[in-house]
Structure formats: structure tokens, C-alpha cells
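# Structural features, examined
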Amino acid sequence: MKKSPGRGMPADSQSISGVPAASGAVFTDPSGRRWRHVRWVATVVAVVAITTLGVFAGNALQPPHATAGSALPLTVEQLGGARLIGEGPFERILRVDRSGEPAGVDPFTGERVTLTDTEVMEAGDAHHVLQRYGSEQGAPRTIALTFDDGPDALVTPRLLDLLSREQVPATFFVLGNHAAAHPDIIQRMLREGHAVGVHSLTHPNLGDVPEWREHLELVDTERTLRAAGGHNASVWRAPYADPAYQDGEADMVAVLRAQRLGYTHVGYNFDTLDWLHAQDPNGTATDIPLPDLSSGAHVTVLAHDAGGPNRERTVEYVHLLIEHARANGYTFHTLLQLTGAPPAANAPVQATAWDGFALAITQVLFGWPEYLMRALFALAILLLVVAGGINTVLALVRHRRRRRQVWPGSDEMRVPTSVVLAAYNEEAVIARTLETILASVYPLREIIVVDDGSTDATASVVRQVQQSSHASVPIVLVQQENAGKAMALNRGLSRASGDVIVTLDADTIIAPDTITHLIRHFAIDASGRLGAVAGVVRVGNRDRNLLTRWQALEYLTQIGLDRSAQDALGAISIIPGACAAWRKSAILGAGGYSTMTLAEDCDLALTLHQQGWRVTQDDEAVALTEAPENVDDLLKQRVRWTYGTLQAMYKNRRILFRARYGALGWWVLPSYLLSILVPLVFLPFIAVMTVIALQNEPALLLEYFALFLLVHVGFAAVAVRLMREDWTHLLMVPVYRLVYEPLRAYLLYKSVHLALKGGREGWNKIDRTGALNALVDPVIVRHELATTTPR
């Protein structure tokens, strides 16, 4: 039954006989004051956060070594004709001044650099050159080991162990995101005498990115290193650096930009190609080539200690290289020990607050997400296994106990029972529902249909069934102005003469013995404290499309495992209005159906718990319902369910963590609360990280998904067996999460938005398709509800 928006008197303005009306819905704020406060606070927080971030970021991204303004004095076109001159690992862009003795001039500092005759000849008539320098060394036969892409948590420490044993210094060009994740490794590098330089923050091709991005990549990485290790890092090597500069102007522009920021670029003259050889799973360290050291010239070796598979092979290779170099009379140096190295490139420095801010931001953006993502996935799997495992065990124990239950015969059950239906615009389905109720084998006092101000022919259809010759049970039609489902049920309750009230939705189809199975619990209740019995609702139009099949699996697992486990603990939190039986005195004692929430069945169930009533579930009291067949109707229904459940939880929050309510207060409701809060906080992060993982580590994501899938299949299989359902339900398990997680995200944020905004949410009418109309024959109903799995 759906509530018509904006029609009739409000639900809280009426009072039905013996049942008081509520004063107002939970979270409702007609004045709008709460929403104005929320927006004001959110605006203030956003302004403060943006301002603070802007101030800190502006200072943290100030280059520590810059000596020039922000505008580049050279254009890309001018650099396109730059020539490569000189020899050595260090590189800089110079303007050639031929006004006197030919010399190079730093375009930013104005420093004049003497050019050798060879360099002048190599420069030719070029206006600008990229000079390599720093190869002069007092001692001949020197070699500099350099490693890019680190540090790696496993490989780099092993490499440092080897270098320490062999007393070999090296130079590490590190990535800022890796350095932020492993500051202890950076500290060890510097402590053991190695040089540390900048590679970039995230390893882009800096020749292809805009100037602001290169600025961020270099400055943030150095400030991260200053905070992590307490030393400058003003030398750098570009990712994908090519000593021959085959990309020409693009790579030179990257060097020029960095030079303006105060960074000296470092090249190499021997590439081990270890990254390429590491891709061969059957390869060995001996496959990586050793440099030709016969000339005795200085060699700068490029290798990698992170960034790909089989990097431990590089460690083995370095051991071979050390032996090879020493056999040829070479000695090892860091690049900063060469002539021409920037004098303060790795000088000790007192880290500033801006350095610390850069490190913190880099850790938050690049270090923590990976750990948090793994932790959340681990937590999700743990909760799924633990919570699902507990529910499964409880459901199995309950099933075994129920099999030993002795039930009274039909002649022994004499519980006066009435059926109450609330209907709004149910012309398409109300007749079939009444037909199946009339076919019930349990003797009923009456069937009360409350027409809640329908605008279609609902009342006429009910009268037609009333007047039919086979209407063996009195059908009472009550008409009222539209007031909502809760008030309609209260109106029906006031007219009912039975001690037990069976509530069904107007689209529900039941088997002839469904009501019998519900009532039998009251017949054996010696204590008189059984307040309600929940039936089992199945999706009757399951085969209509993928969406209805998904809902069928959801109903199955939530009823077959979750609610069955709650029943074993005496802690059922929701009695479905679509199929349930209630002790009338319990409903009246609770004040009737409350209009304070959209989930009146959940609200009433929790209220019964607070008043000391017991509730249970009958697995054989089965009913078919017509599930939404399109996304729009599904969202309408689920927003109402989710928002209504939040309302009911808040209204009955005193149950939480109260010993007198046992498992309901300490397990069921806290678990539900956790299932709301964790996704509410982390879903945006998980969504972003999932996209990143799909791009970078799809295998890891698939592993987690496979684990979820495996566990879910196991639990779903148990639910199928316990509820004697069709095994083909398991075919929907692979796509279940793909629908469930986005749907849950939307519902949670939508519900929180509604709660904060304080508006009164309507019932949101869902159009009925009449897909179950063919099942009105009791024989067909029995067949449809019959098990496909042996007991």
C-alpha cells in the first residue's frame, strides 16, 4: 500500500479508536532550521578547510632552491634547436653568449659558464645548449650506481644490506609517494652514506605534463624527503629519461622547468635495462648486461629497485656488477662526490612546518589509501565471514530445533483471527489477494480492507469480491480519506474482532496454509507473551528480469540467514507487514502503528521488544509479493525502507547496548548501525580507490572480489537449502554485489540527506503490473510456493 502525496489530512492529525496519532515523524523539521544550520556549518567548515589548505599548500609548494621568477625566459620553439654538448652525468640548459669569449649563461641565475673548445665546436651556431658536465674526477676509473623508482618495502632494504656489506655508496632517485610510505628507508639511505635525489612524485612523463604538474611533482617530493630524512634533495632524474633526448624539445623543457626551480638534472651513460629483463619470469641476474669498463672512463649506471616484478633480480645483478667493477679496478662513488655536483644537494637541513605538511599530505594521499583500502577489504571480508558465519550457524541450529517442534493439529487451533489489508490504488491486484485469502484453510473471523483514499476503482473491486458467491469469509470494506498506511492499519485494527491480526500487503499472494502456519505459534504459546510471527516473503515475479532475480536472492539470504539467526537469538528486528501475524493486545499496548516512521513494521517490532513481547518467524508461512521491475520503482521502495528503518532505529535507540534487550541491543542493532556508518564514511574513498585499483592493480581487486564471491556463494547455498528454494538462485551471486553496493551507497546518502533536511517523505507510489494475477487459483499458488528442493 502506498501513500498518496499531498492528499487528504496529515496522518498525525487523526486519532483512530483506541490508537493515538503520533505528534510528528522522526527527523521531520518543518521550520527548516536544522537544514539551514547544516548548510551553514558545512559552508564554514569548507571555507576554513580550503583556506587552510591553500595557505599551507602555497607555502609547501614554494621551491626551496628557486632563484628566479615564475615566467620561463625561453620558449619551446627556441629550445627545439638546442644542441647536446659536453660529457658527464649532470645536465643544464645554457644560453650561448658569443659577444666575447664564447660562454654559456644560466638563463635564470645569469651565471657564466666557461665552455671548452670541444663544447664550443659541439654548440655550433645554436643559441641554446644542454650541457653535460661533472665527469672530471681526481681518481680514474670511477662508477656511480643509481637506482630509480624506490624505495620498495622489500627490495630496497635487501639492496641496502648488500651495499652495506660491500661498502659501496650509491645514489637513489626516489618517488615521493614511495618515500612518504617508507620514511624509515630514506633515513637509512642517508645514514649509511648514500645520496638521495628526486625522481618525481608519481612517475609521469614530465615532458608531457603542464608546468604546474612538474612543479608539484618535484617540489612536493623534495619537501617530503626533507621532512623524512632531514636533508636537501636538489638533484633529480626525470622519469623515462633518455640520454640522447630523442624526444627533443619536450624533455629539454622538463629540464629547463626544473632548473628554474633550482634542481639539477642527472643523466646516465649505461642503462642496465633490468626492468625489461625482469619481465621474463624464467630469467636470471646473469641476463642483465654488465658495462664495458675497458676504457677506464666514468660510468653512471641506471638500475631500478622498485616499480615492477622480479626486482630482487636487480639485487643479485648488483652483486655481480660490484665484483665486475672491482676486477677492472673501478671504485664506487655517489654522484654528489663528482666534480660539478651541486654543493648543497644533500646538505643537512632543519625541516620546516611546510616540509612536514608536504610529507603529511603525501602520506594521506598516497600512503594511507593503500593501507586503508587493504584494511577495509580485510574488515569487510572478516565481517562477512564472521557475521555471516555466526548467522549461518545460528540459522542451522534453529532449523534443527524447529524440525523437532511438535505442532498442534488444525482442530486444536482455535485462535480468533482477522486479516487486515491497507490499500491505496490497488485496483490491479487487490482481487487476486482477496481470492488467495478466501482460499485459506484456517477459519477467519473477517477480512478487513481499508481503502486509504484511493483514486482508482479499488473499492469497487473489493465490493465485487464481497458479493461473489464463494466469499465464505466476511469482507469488510472501510473507506477513509488518504492518511497513510499506518493510519489505515490502525483503522482496520479498530474494526477487527480477532485476538490475532494477520497483516498482508495488498499485492501479496498466500498459500492456503500460510495463515495456519502463522497462527500455530500463538496456539502453543503458553506464556501469552508471543507478540508477533513473521512470515517468509518471496519474490513472485522473480523471472521477469535481472532486477527481480537480484531481489529474489536478496530476500532469500536476508530472510533465510539473517532473520533466522535473529530468531534463534530472540532478536528479530523487522516483522514484515507483507506477511505477519500480531497479537492484537500487543499492538494496542504499543500504541498501534506509529506514523512517526515510514517503516511502521520495523518500528512496531522494536516497540514490542521494549515492552517485553516475544517475536518469532515461521519458515513455512510463505507469501509471494510483486517486486519492483524497474530501477525507478526499486529506488522509490528502497529509499522508503532505508529511511524508514533509520527513523525506527533512532526512535527506538534506547535499545542499543542495553543488557535487558540481549542480542537485539548488543548484536543485531549495532551490526546494522555499523553497516550504515562504515559505508557512509568510507564509500567515496572506496569508490575512488576501486577505480585506481582497476587501472593499476586489477588482479588484486579481482582477488578480493573472488573471495567475496566464494563466501557469498557458500552462505547463499545454505540459505537455499534451509528455505527449500530453487538452486538457480545461486546464478545471481556473481552480480549481486555489483548491484548491491551502488544501491546501498545511493540509499544511505539519500536517507541521510532526507534526515538532515527534515522534510516529510511520502510513501512514493509504485505501479503494480499485475504480474502475479495468473496465480489466483489455489492449486497454482500451492505449486508456485512448493519447494523445489527435498526436505
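Placed above this text is the structure.
Here is a short report on the structure shown in this document.

### With respect to the overall build of the protein chain
- Scanning the protein chain from N- to C-terminus turns up 23 helices and 21 strands.
- Per-residue burial over the protein chain gives 53% buried out of 791 residues.
- Considering only contacts within the protein chain whose residues lie at least 6 apart along the sequence, 83% involve residues at least 24 apart.
- Carbon and sulfur atoms make up 57% of the accessible area of the protein chain, which amounts to about 33800 Å² in all.

### A few points about unusual backbone geometry
- Of note, the amide linkage connecting Gly150 to Pro151 takes the cis form, showing an omega dihedral of -5°.
- A positive phi is found at His203, a non-glycine position, where the angle reads about 65°.
- With respect to the secondary-structure elements, His203 resides in the loop between strand E8 (195-200) and helix H7 (211-229).
- If you check the backbone angles, Arg724 has positive phi at about 55° while not being a glycine.
- Inspection of the secondary structure puts Arg724 in the loop between helix H21 (698-723) and helix H22 (733-757).

### Quick look at the sheet that holds strand E20 (residues 579-583)
- If you trace the eight strands from one edge of the open sheet to the other, you get E16-E15-E14-E17-E20-E19-E21-E18, paired in mixed fashion. A strand with exactly one partner marks an edge of an open sheet, and here the two such strands are strand E16 (475-480) and strand E18 (509-510).
- Bridge count between strand E14 (residues 417-423) and strand E17 (residues 500-505): six bridges; the pairing is parallel. Within E17, the position partnered with Val419 by the bridge is Val502.

### So, the packing of aromatic side chains
- Under the criterion given, the structure shown has 10 aromatic pairs.
- A ring pair is formed by Phe56 and Phe357, whose centres lie 4.8 Å apart and whose planes are at 40°; its orientation type is tilted. Taken together, the positions of Phe56 in helix H1 (residues 33-60) and Phe357 in helix H11 (residues 353-403) put the pair 301 residues apart, joining distant regions of the chain.
- With a centroid separation of 5.2 Å and 70° between ring planes, the pair formed by Phe657 and Trp666 is classed as edge-to-face.
- By relative accessible area, Phe657 is classed as partly exposed at 44%.
- Following the ring pairs from residue to residue traces out a cluster consisting of Phe27, Tyr643 and Tyr650.
- Over the aromatic face of Trp613 sits the side chain of Arg529, whose NZ or CZ is 3.8 Å from the ring centroid.
- One residue, Arg653, lies across the ring of Tyr650, its end atom 4.1 Å from the ring centre.

### Some words on the side chain of Thr417
- Note that Thr417 resides in strand E14.
- Only 2.8 Å separates the side chain of Thr417 from the backbone oxygen of Val415, close enough to count as a polar contact.
- Excluding residues that lie within four positions of it along the chain, Thr417 makes contacts with Tyr442, Leu444, Arg445, Glu446, Gly498, Val500, Val502 and Ile519.

### Comments concerning the packing of H11 against H21
- Packing of H11 against H21 leaves a shortest axis separation of 11 Å and a crossing angle of 10°. When the interaxial angle is binned, H11 and H21 end up roughly parallel. Between H11 and H21, the contacting residues are Arg374, Phe377, Ala380, Ile381, Leu384, Val385, Gly388, Gly389, Thr392, Ala395, Leu396 and His399 on the first element and Leu700, Leu701, Tyr704, Leu707, Phe708, Val711, Phe715, Val718 and Leu722 on the second.
- In the contact of H11 with H21, the residues fall into 16 nonpolar, four polar and one charged.

### Digging into the pairing of strand E5 (residues 128-133)
- Burial runs high along E5: six of the six residues are buried.
- Where burial is concerned, the two faces of E5 agree: the one with His128, Leu130 and Arg132 and the one with Val129, Gln131 and Tyr133 are both buried.
- Bridge analysis of strand E1 (residues 83-86) against E5 gives four bridges, and the strand direction is parallel. Residue pairing for E5: Ile85 is matched across the bridge by Gln131.
- Here six bridges tie strand E2 (residues 90-97) to E5, and the two strands are oriented antiparallel to one another. Paired with Leu94 across the bridge in E5 is Val129.

### Side note on the side chain of Gln617
- Among the structural elements, Gln617 can be located in strand E21 (residues 614-625).
- Ignoring any residue separated from it by four or fewer positions in sequence, one finds Gln617 in contact with Arg398, Arg402, His521, Val533, Ala534, Val536, Ile559, Arg563, Ser564, Asp567 and Ile572.

### Observations regarding the packing of helix H19 (residues 631-651) against H22
- Two elements in contact, H19 and H22, have axes separated by 9 Å at closest approach and are oriented at 55°. Looking at the two axes, H19 sits oblique to H22. H19 and H22 meet at a crossing whose hand is right-handed. Every residue of H22 that contacts H19 at Leu634, Leu635, Arg638, Val639, Thr642, Tyr643 and Leu646 is listed here: Leu743, Tyr746, Leu747, Lys750, Ser751, Leu754 and Ala755.

### A word on the pattern of salt bridges
- Tallied over the entire structure, the rule returns 30 salt bridges.
- In this structure, Glu192 engages Arg188 in a salt bridge whose closest nitrogen and oxygen atoms are separated by 2.8 Å.
- A relative accessible area of 32% means that Glu192 is categorised as partly exposed.
- A salt bridge links Glu600 to Lys485, with the nearest nitrogen and oxygen atoms 3.6 Å apart. Of this pair, Glu600 sits in helix H18 (residues 600-610) while Lys485 is found in helix H14 (residues 485-495), placing the two residues 115 residues apart along the sequence.

### Regarding the nonpolar core
- One finds Val419, Ile430, Ile447 and Val449 to be the most contacted residues of the largest nonpolar core, which totals 84 residues.
- Top element by residues in this core is H21. It accounts for 10 residues.
- Grouped together as the second largest cluster of nonpolar side chains are 49 residues, Leu145, Val168, Leu218 and Leu261 included.

### A short note on the pairing of E2
- E2 sits mainly inside the fold: seven of its eight residues count as buried.
- Judged from the two bridges that link them, E2 and strand E10 (residues 264-266) form a sheet pairing that is antiparallel. Within E10, the residue paired with Glu91 across the bridge is His265.
- Looking at chain direction, E2 and strand E3 (residues 103-105) are connected through three bridges and run antiparallel. Looking at E3, one finds that Asp97 is bridged to Ala103.
- Hairpin connection of E2 to E3: five residues between the antiparallel strands.

### A few points about the environment of Tyr672
- Inspection of the secondary structure puts Tyr672 in helix H20 (residues 662-696).
- Here the alpha-carbon distance between Tyr672 and Pro210, two residues 462 residues apart in the chain, equals 47 Å.
- When sequence neighbours within four positions are dropped, the list of residues in contact with Tyr672 reads Thr642, Thr645 and Met649.

### Structural notes on a positive patch on the surface
- On the surface, a cluster of positive charge is contributed by Arg400, Arg401, Arg403, Arg404 and Arg721.
- If you tally residues by element for the positive patch, the top one is H11, at three residues.
- Structurally, the position occupied by Arg404 is in the loop between H11 and E14.
- Residue class for Arg404 comes out exposed when judged on its relative accessible area of 59%.

### Description of H18
- The buried fraction of H18 amounts to 11 of the 11 residues, a majority that puts the element mostly inside the structure.
- Residues of H18 that are buried: Glu600, Asp601, Cys602, Asp603, Leu604, Ala605, Leu606, Thr607, Leu608, His609 and Gln610.
- Just downstream of H18, Gly612 is the residue with a positive phi angle, here 90°.

Definitions and limits used
- Note that residues are indexed from 1 along each chain, following the sequence as it is written.
- Owing to the predicted nature of the model, reporting of local features is limited to residues with pLDDT of at least 70; listing and counting of side-chain atom pairs is limited to 80 or more, with chain, interface and lining totals taken over all residues.
- For side-chain calculations, the full set of non-hydrogen atoms in the structure is used, while hydrogens and water are omitted.
- Each helix is a run of H or I in the DSSP string that is no shorter than four residues. Each strand is a run of E no shorter than two, and both are numbered from the N terminus.
- Each residue is placed in one exposure class: buried if its accessible area under a 1.4 Å probe, protein chains only, is under 20% of its type's maximum, exposed if it is over 50%, and partly exposed if it falls in between.
- Between two residues, a contact is recorded if the distance between any of their heavy atoms is within 4.5 Å.
- For accessible areas, the Shrake-Rupley method is used with a probe of radius 1.4 Å. Any residue's cover is judged against the shown protein chains and nothing else.
- Should DSSP find at least two bridges between two strands, the strands are regarded as paired.
- A pair of aromatic rings is counted whenever rings of Phe, Tyr or Trp (Trp by its six-membered ring) have centres within 6.5 Å, and the orientation is called stacked for planes under 30 degrees apart, edge-to-face for over 60 and tilted otherwise.
- Should the NZ of a Lys or the CZ of an Arg lie within 6 Å of a ring centre and within 35 degrees of the ring normal, that charge is described as sitting over the ring.
- Throughout this description, a polar contact denotes any pair of N or O atoms lying within 3.5 Å of each other; where both atoms belong to protein, one of them has to be capable of donating a hydrogen while the other can accept it, and for residues adjacent in sequence the pair is counted only when both atoms sit in side chains.
- Note on definitions: angles span 0 to 180 degrees between N-to-C directions of axes, and those axes are lines fitted to C-alpha atoms, for helices only across the stretch in contact.
- Any angle between 65 and 115 degrees counts as roughly perpendicular, while under 35 counts as roughly parallel, over 145 as roughly antiparallel, and the rest as oblique.
- Classification convention: Asp, Glu, Lys, Arg as charged; Ala, Val, Leu, Ile, Met, Phe, Trp, Tyr, Cys, Pro as nonpolar; all other residues, Gly among them, as polar.
- Take the far helix as the reference: if the near one is turned anticlockwise from it by less than a right angle, the crossing is left-handed, and if turned clockwise, right-handed.
- What counts as a salt bridge is simple: a side-chain nitrogen of Lys or Arg found within 4 Å of a carboxyl oxygen of Asp or Glu.
- Side-chain atoms within 4.5 Å are what join buried Ala, Val, Leu, Ile, Met, Phe, Trp, Tyr and Cys residues into a set we call a nonpolar core.
- Two joining distances apply to patches: 9 Å for like charges and 5 Å for nonpolar side chains (Val, Leu, Ile, Met, Phe, Trp, Tyr), and every residue must have over 30% relative accessible area and no salt bridge.
- We score Asp and Glu as negative and Lys and Arg as positive, and we do not count His or the chain ends.
- Charge positions are represented by NZ for Lys, CZ for Arg, CG for Asp and CD for Glu.

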